[in-house]
Amino acid sequence: MSMVEEGKAHCVCGNHDEKLLKYLKGKRVSMSFGIDVTVEQLKKYTKEEHLKFRDFIQGLRSHYVLDDGKLVVAHAGIREIYHGRASGRVRNLCLYGETTGETDENGHIIRINWAKDYKGKATVVYGHVAVAEAEWLNNTIDIDTGCVFGNKLTALRYPEMEIVQVPAKKDYAQSGKVLGSLLDDARGHEEDLDGMLALEDVMGTRSITTKLMGSIRIREESSIAALESMSRFSIDPRWLIYLPPTMSPTETSEKDEYLEYPNEAFDYYLNRDIKKVICEEKHMGSRALLIVCRDEAAVKRRFGMSNAGIGTIYTRTGRAFFEDKKTKQALLIRLREALDKVRFWHRFDTDWVLLDAELLPWSAKAQKLLETQYAAVGRSAQMAFDALMPLVEQGEERGLNFDIIKNKIQSQQEQAAGFTEAYRAYCWSVEKLEDYKIAPFHILATEGKTYTNMDHRWHMETLKGICQQDEDILYITNYKIIDVTNEAEREEAIQWWLKRTAEGEEGMVIKPLEWIHQYRNRLVQPAIKCRGREYLRLIYGPEYTTPVHLERLKKRGLGRKRALAKKEFSLGIEALERFVANKPFRRVHECVFAVLALESEEVDPRL
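Here the structure is a predicted model, which means the values were calculated and not measured. (Residues numbered from 1 in each chain as written. Predicted model: local features only at pLDDT ≥ 70, side-chain atom pairs only at ≥ 80, totals over all residues. Heavy atoms only, no water.)

A.B. asks: An account of the pattern of salt bridges is requested, with residue identities and associated values reported.
C.D. replies: Should the charged atoms of two oppositely charged side chains come close, the side chains can pair. Under the counting rule described, the total for this entry stands at 35 salt bridges. Between Arg-219 and Glu-601 there is a salt bridge, and its shortest N-O distance comes to 3.1 Å. Of this pair, Arg-219 sits in the loop between strand E11 (214–218) and helix H9 (220–233) while Glu-601 sits in the segment after helix H21 (585–598), and the two are 382 residues apart along the sequence. Classification of Arg-219 by relative accessible area gives partly exposed; the value is 28%. (Salt bridge = Lys/Arg side-chain N within 4 Å of Asp/Glu carboxyl O. Helix = DSSP H or I, 4+ residues; strand = E, 2+ residues; numbered from the N terminus. Buried < 20%, exposed > 50% of the residue type's maximum accessible area, 1.4 Å probe, protein only.)

Rendered as structure tokens:
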């Protein structure tokens, strides 16, 4: 009371306060549920002090709406439609909660679990019903953890969303209901999926607000495509806390013989006041998101699943990377062992982690694509040349001049051979677990935290330490950090890129050293890929380096691709931040769903 009077605290009224108020007003009340103890304590105070207590309780609000509507505090909770409203009904709901009108075998009122269906944007903090553990449910949290029953006292630190607890010194009162069973009243991610997306949440044209880019519009037709993909092909949605963005290539190179070259990426960032960039080896594998948990208990606690192993591996479109669950779990166990060796769980104060990675070989995921597209093209071209060359030779034996045709066929034959050699460099047989390689490059999130505030050097060096614990399956990604204003450093990076691509590597990814960069209040591309000359045969066809084709390809436009990359990046970061802040799955998934919807937008897939 003194803290409220001094302006150091706010206080809302609870049902026991209301009962005490009636007593202080001289009305008869039942001496049960602890009121008898309070009345006994009041005997040592004067009548004037009793009046002061009465006036204080009478002036208490039913609920507080704080931080511009982002936080609501009420004793028993409150539905969104009543936020900020004052009436007798609202006050009763805030003090006593919603009930069925019935009682259980112990005489306790049976309450309606309003939080189970809550979809409000404001975080609601409440108590009233004692629970064994304070857990988030649909952006609400019950922090009454039964201190009076000998459990613990809980507080929520806002806006950090950090739970602070101290154990009770003793059991102050006996409850007829086992505290642990109270979890069934309002908890249980596994039963209610903590507010998963409903059909009405994703249909139609929608706008999603993100911190990085403000409102992002999702078209209805894109939502329909995403709905089919997520409902038919995705993994259990409780794992889907993030999808990565697409990535734009460099602008067209000014060099005649190249479509892509690092200079254009360097200049893009330099023109946006970014001097330090990181050049990372680009793997020709498949993008993979890996959630690794310390144990199965962590999976159940954080993701609400039982018998799901210690994590999952999924693709950039939310599909299971492995149909074989045994292989998936074996890889995750090896990764967890590497994390154990560097004391990752202790260092990061977490029992789970989300990693962004490439999983090699490419053929592990793209075998069907290789057989039906790349191998078929290479083989068909070779068969055609094998049939043509004898005919040319016959013509030459008859004295005809086929030099032009012969040279063209030989050139095409070399280009087709280069095409075949290009895709074969990224494929190898997988016969044992060690034939897979995981190349992580981002630590995306752990309990209560994302890592976009750490620069890319930190990510690469931290992951290097983990990869060194098991280099049979973990691959350390090579990188260089350069100053794009320094010509010598630029040239060194270009030579590194030329050497690697000449050896059959795909290319490199250039990023600002800092994760997120704004220029003139607009988000800068988070990453730009620069692919090697030979690798691009797989994208544009064996003959793309022919001058007539290269000239046409140099007219490609990147505007839509780059806009898409920034939108997806913003939505992905938004999803992660909502998840670590314990927002309901519905709020996380609307961002993930939006990334998937944007992937269906009409953009040249070769970019």
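More follows now that the structure is in view.
A.B. asks: Let's hear about the sheet that holds strand E16 (residues 352–360): which residues, and what values?
C.D. replies: If you walk across this open sheet you meet the five strands as E15-E14-E16-E17-E18, and the pairing is antiparallel. Each having just a single partner strand, strand E15 (311–315) and strand E18 (449–450) make up the two edges of the open sheet. Bridge analysis of strand E14 (residues 286–293) against E16 gives eight bridges, and the strand direction is antiparallel. Directly across from Ile-291, in E16, lies its bridge partner Leu-354. (Pairing = 2+ DSSP bridges.)

A.B. asks: Quick rundown of unusual backbone geometry? Include the residues and the values.
C.D. replies: The omega angle of the peptide bond from Tyr-158 to Pro-159 is 10 degrees, so this bond is cis rather than trans. By the secondary structure assignment, Pro-159 is in the loop between strand E8 (152–157) and strand E9 (162–167). A positive phi is found at Asp-273, a non-glycine position, where the angle reads about 65 degrees. Residue classification places Asp-273 among the exposed residues on the basis of a relative accessible area of 55%. Located in the positive-phi region is Asn-582, a residue other than glycine, with phi close to 65 degrees. Tracing the sequence through the fold places Asn-582 in the loop between helix H20 (559–580) and H21.

A.B. asks: Describe the state of the cysteines, with residues and values.
C.D. replies: Taken as a whole and judged by the stated rule, the model has zero disulfides. Cysteine Cys-13 shares no disulfide, and the gap to the nearest cysteine sulfur, in Cys-11, comes to 7.7 Å. Assessed through its relative accessible area of 0%, Cys-13 is described here as buried. Left unpaired, Cys-279 is separated from the closest cysteine sulfur, that of Cys-530, by 9.2 Å. A relative accessible area of 0% means that Cys-279 is categorised as buried. (Disulfide = S-S within 2.5 Å.)

A.B. asks: Go over helix H4 (residues 47–58) with me, naming the residues and quoting the values.
C.D. replies: With 12 residues, H4 should reach 16 Å at 1.5 Å per residue; the first-to-last C-alpha distance of 16 Å fits that figure. Turning to H4, its buried residues number three or more, namely Phe-53, Phe-56 and Ile-57. Along the axis of H4, the buried positions cluster into a sector of 95 degrees, meaning they face one direction only. Set apart from the buried face of H4 by more than 90 degrees, the exposed residues are Lys-47 and Glu-48. Residues of H4 that are buried in the fold lie against helix H1 (2–5), helix H2 (15–24), helix H3 (35–42) and helix H5 (88–96). (Expected span 1.5 Å × (residues − 1). Arc of directions from axis to C-beta. Contact = heavy atoms within 4.5 Å.)

A.B. asks: An account of the nonpolar core is needed here, citing residue identities and associated values.
C.D. replies: Membership of the largest hydrophobic core comes to 45 residues, with the highest contact counts inside it found for Ile-241, Phe-303, Tyr-314, Trp-352 and Leu-354. Among the elements that make up this core, the one with the highest residue count is H21 (10 residues). Among residues more than four places away in sequence, those in contact with Phe-303 are Arg-238, Trp-239, Ile-241, Ile-291, Cys-293, Ala-298, Trp-352 and Phe-579. Core analysis: the second largest hydrophobic core is formed by 30 residues, Ile-310, Phe-321, Phe-322 and Ala-357 among them. (Core = buried A, V, L, I, M, F, W, Y, C linked by side-chain atoms within 4.5 Å.)

A.B. asks: Hey, could you go over the packing of H9 against H21 for me, with residue numbers and the actual values?
C.D. replies: For the pair H9 and H21, the least separation of the axes is 8 Å and the interaxial angle reads 110 degrees. When the axes of H9 and H21 are compared, the pair comes out roughly perpendicular. Only Val-592, Phe-593, Leu-596 and Ala-597 of H21 make contact with H9, whose side of the interface consists of Ser-222, Ser-223, Ala-226, Leu-227, Ser-229 and Met-230. Split by residue class, the contact of H9 with H21 holds seven nonpolar, three polar and no charged. (Axes fitted to C-alpha atoms, helices over the stretch in contact; angles between N-to-C directions. Parallel < 35°, antiparallel > 145°, perpendicular 65-115°, else oblique. Nonpolar A, V, L, I, M, F, W, Y, C, P; charged D, E, K, R; others polar.)

A.B. asks: Any chance you could break down the pairing of strand E5 (residues 123–126) for me, citing the residues and the numbers?
C.D. replies: Residues Thr-123 and Val-125 point to one face of E5 and Val-124 and Tyr-126 to the other, with burial holding for every one of them. Sheet topology note: the strand E2 (residues 71–74)/E5 ladder contains three bridges and is parallel. Following the sheet pairing, Val-73 is matched in E5 by Val-125. When E5 meets strand E7 (residues 140–142), the two strands line up parallel, connected through three bridges. In the sheet register, Tyr-126 faces E7, and the bridge partner there is Asp-142.

A.B. asks: Lay out the environment of Leu-259 in plain terms, naming residues and giving numbers.
C.D. replies: If you trace the backbone, Leu-259 turns up in the loop between strand E12 (248–249) and helix H10 (262–270). Measuring from C-alpha to C-alpha, the distance between Leu-259 and Arg-531 comes to 8.9 Å, with 272 residues separating the pair along the chain.

A.B. asks: Describe empty space enclosed by the protein, with residues and values.
C.D. replies: The full count for this structure, using the stated rule, is two cavities of 30 Å³ or more. Lining the largest cavity, in full, are Ala-76, Gly-77, Ile-78, Arg-79, Tyr-82, Leu-93, Gly-97, Glu-98 and Trp-114. In terms of residue class, the lining of the largest cavity is made up of five nonpolar, two polar and two charged. If you add up the space inside the second largest cavity, you get close to 40 Å³. Around the second largest cavity, the lining residues are Pro-440, Met-460, Leu-463, Lys-464, Cys-467, Tyr-475, Ile-476 and Thr-477. Of the residues contributing to the lining of the second largest cavity, the split by class is six nonpolar, one polar and one charged. (1 Å grid on protein atoms, 1.4 Å probe; cavity = no way out; pocket = protein on both sides within 12 Å on 5 of 7 lines; lining within 4 Å. Points joined across faces, edges and corners; volume = space filled by probe spheres on them.)

A.B. asks: Describe the environment of His-459, listing the residues and the values that go with them.
C.D. replies: Relative to the assigned elements, His-459 resides in helix H16 (residues 456–467). A C-alpha to C-alpha distance of 6.7 Å links His-459 and Phe-441, two positions 18 residues apart in sequence. Non-local contacts of His-459, meaning those with residues more than four positions away in its chain, are made with Phe-441, His-442, Ile-443, Tyr-451, Met-454 and Trp-515. A distance of 2.9 Å separates a polar side-chain atom of His-459 from the backbone oxygen of Tyr-451. (Polar contact = N/O pair within 3.5 Å; in protein donor to acceptor, adjacent residues only side chain to side chain.)

A.B. asks: Would you mind going over H10 in detail, with residue names and values included?
C.D. replies: In an α-helix there are 3.6 residues to a turn, and that puts residues three or four apart on one side. Where H10 is concerned, the buried positions are Pro-262, Glu-264, Ala-265, Phe-266, Tyr-268 and Tyr-269. Summarising the contacts, the buried residues of H10 are in contact with strand E13 (276–282), strand E19 (479–483), helix H17 (487–502), strand E20 (507–512), strand E23 (528–531) and H20.

A.B. asks: Got a sec to walk through the sheet that holds E13? Specific residues and values, please.
C.D. replies: The strand order across the open sheet built from five strands is E12-E23-E20-E13-E19, with neighbouring strands paired in mixed fashion. Lying at the two open borders of the sheet, with one neighbouring strand each, are E12 and E19. One ladder, built from two bridges, connects E12 with E23; its direction is parallel. Looking across to E23, one finds that Ser-248 is bridged to Ile-528. Most of the contacts of H16 go to E13, to which it runs at about 40 degrees, and overall it touches E13, E19 and E20. Relative to the sheet, H17 contacts E13, E19, E20 and E23, its axis offset from that of E19 by approximately 150 degrees.

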